[in-house]
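An overview of the molecular structure
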Amino acid sequence: MPKAYVFTRYGGPETEALVEVDRPVPGPGQVLVAVRAAGVNPIDWKLRTGYRRPGSGERVFPAVFGSEVAGIVEATGDGVEGFAAGDEVFGNTVAGAYAEYALLPAAVTAHKPAALDFTDAATLPVAAATAYDGIRQLDLPSGATLLVTGAGGGVGAAAVQIARAFGLGVVGVASKGKKDFVESLGAVHVPSGPGWAERVRAAAPDGVDGVYDLVGGEVLAEAALLLTDRTKLITAGAPPEEVERLGGARVARARTAAVLEAVAHLVVKGELDPHVTRTFPLDRAGEALRTVEDGHARGKVVIEVAR
């Protein structure tokens, strides 16, 4: 039987286990994929602690970790067109990614370009796609200046690179330890911590034209004060009510295959580097998750599934 890394109840790492599971069967509009790589994201461990995405129903245990994969199509459900067994694809999963097999909704699955490897492709559906959606939502003209808070994280690093590809200047707020990393992405680095907003004003004396926030809280509130047009304030780090009080909005996720194709194209062109810094086999998925949960990961962590 195929294996999957799951959590058996809400709680901490003690709830996790590598178990044997039934091979999934694709339903209408779904694609069954033999997983080659799965991205690891902070939301994975947060769901284990009991966090629920808005609109989600009751969780069924055991629950497989993860939500983004790259792999090879094994079978398709009723009504699926454009995919066949043997196709190399990537996308978001229906219910879990740290596994030998995963189900993907065909409408949000994209063909993987031959020049893009499975490991890099598996990092794109969550962080890179969120970053892309936000940059498109801001719709800043070429030459404008964008402020990215949390620029050293997965979404932040992608947002900086995508903004640069769109012709924007970028100021990135991140910890002192991530200075070299943020600058390597093409942004002007501003250290986070008390007084960061004044440091932004010094780094961008003509002001910033948009803010992509990935932190929330007081950082989001301070960032809003840097803008004259609050419609150019978006966040993926705070709930809707928090940013709407400031005149901004949450990032509106498109969740389409077209977005996945767009970010994959940026990688192939060399304009977006997923920055995969560590990989783990499936039987060490717990270590991969700890690397992200501990908050010290720089770049993306990926679980590779051997065949």
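Conventions we followed
Residues numbered from 1 in each chain as written. Predicted model: local features only at pLDDT ≥ 70, side-chain atom pairs only at ≥ 80, totals over all residues. Heavy atoms only, no water. Helix = DSSP H or I, 4+ residues; strand = E, 2+ residues; numbered from the N terminus. Rg over C-alpha atoms; globule rule 2.2 N^0.38 Å. Buried < 20%, exposed > 50% of the residue type's maximum accessible area, 1.4 Å probe, protein only. Contact = heavy atoms within 4.5 Å. Areas by Shrake-Rupley, 256 points an atom, 1.4 Å probe, with all protein chains shown as cover. Lys, Arg positive; Asp, Glu negative; His and termini not counted. Charge placed at Lys NZ, Arg CZ, Asp CG, Glu CD. Axes fitted to C-alpha atoms, helices over the stretch in contact; angles between N-to-C directions. Parallel < 35°, antiparallel > 145°, perpendicular 65-115°, else oblique. Left-handed = near helix turned anticlockwise from the far one by under 90°.

**Here's the deal with the overall build of the protein chain**
- Within the protein chain, the secondary structure is distributed over 10 helices and 16 strands.
- Computed over its C-alpha atoms, the radius of gyration of the protein chain comes to 19 Å, within 12% of the 19 Å expected for a compact globule of 307 residues.
- Seen through its C-alpha atoms, the protein chain measures out along the principal axes to roughly 60 × 40 × 35 Å.
- The buried share of the protein chain, taken over its 307 residues, is 50%.
- Contacts in the protein chain between residues at least 24 apart in sequence constitute 65% of all its contacts with a sequence separation of at least 6.
- When the accessible surface of the protein chain is summed, it comes to about 13,400 Å², and 51% of that surface belongs to carbon and sulfur atoms.
- The positive charge centre, built from 30 side chains, and the negative charge centre, built from 37, are 3 Å apart in the protein chain.

**Considering the packing of helix 3 (residues 124-138) against helix 4 (residues 154-165)**
- At a minimum axis separation of 8 Å, helix 3 and helix 4 run at an interaxial angle of 50 degrees. Regarding the angle of helix 3 to helix 4, the classification is oblique. For the element pair helix 3 and helix 4, the recorded crossing hand is right-handed. Contacts from A127, A128, T130, A131, Y132 and I135 in helix 3 reach G154, V155, A158, A159, I162 and A163 in helix 4.

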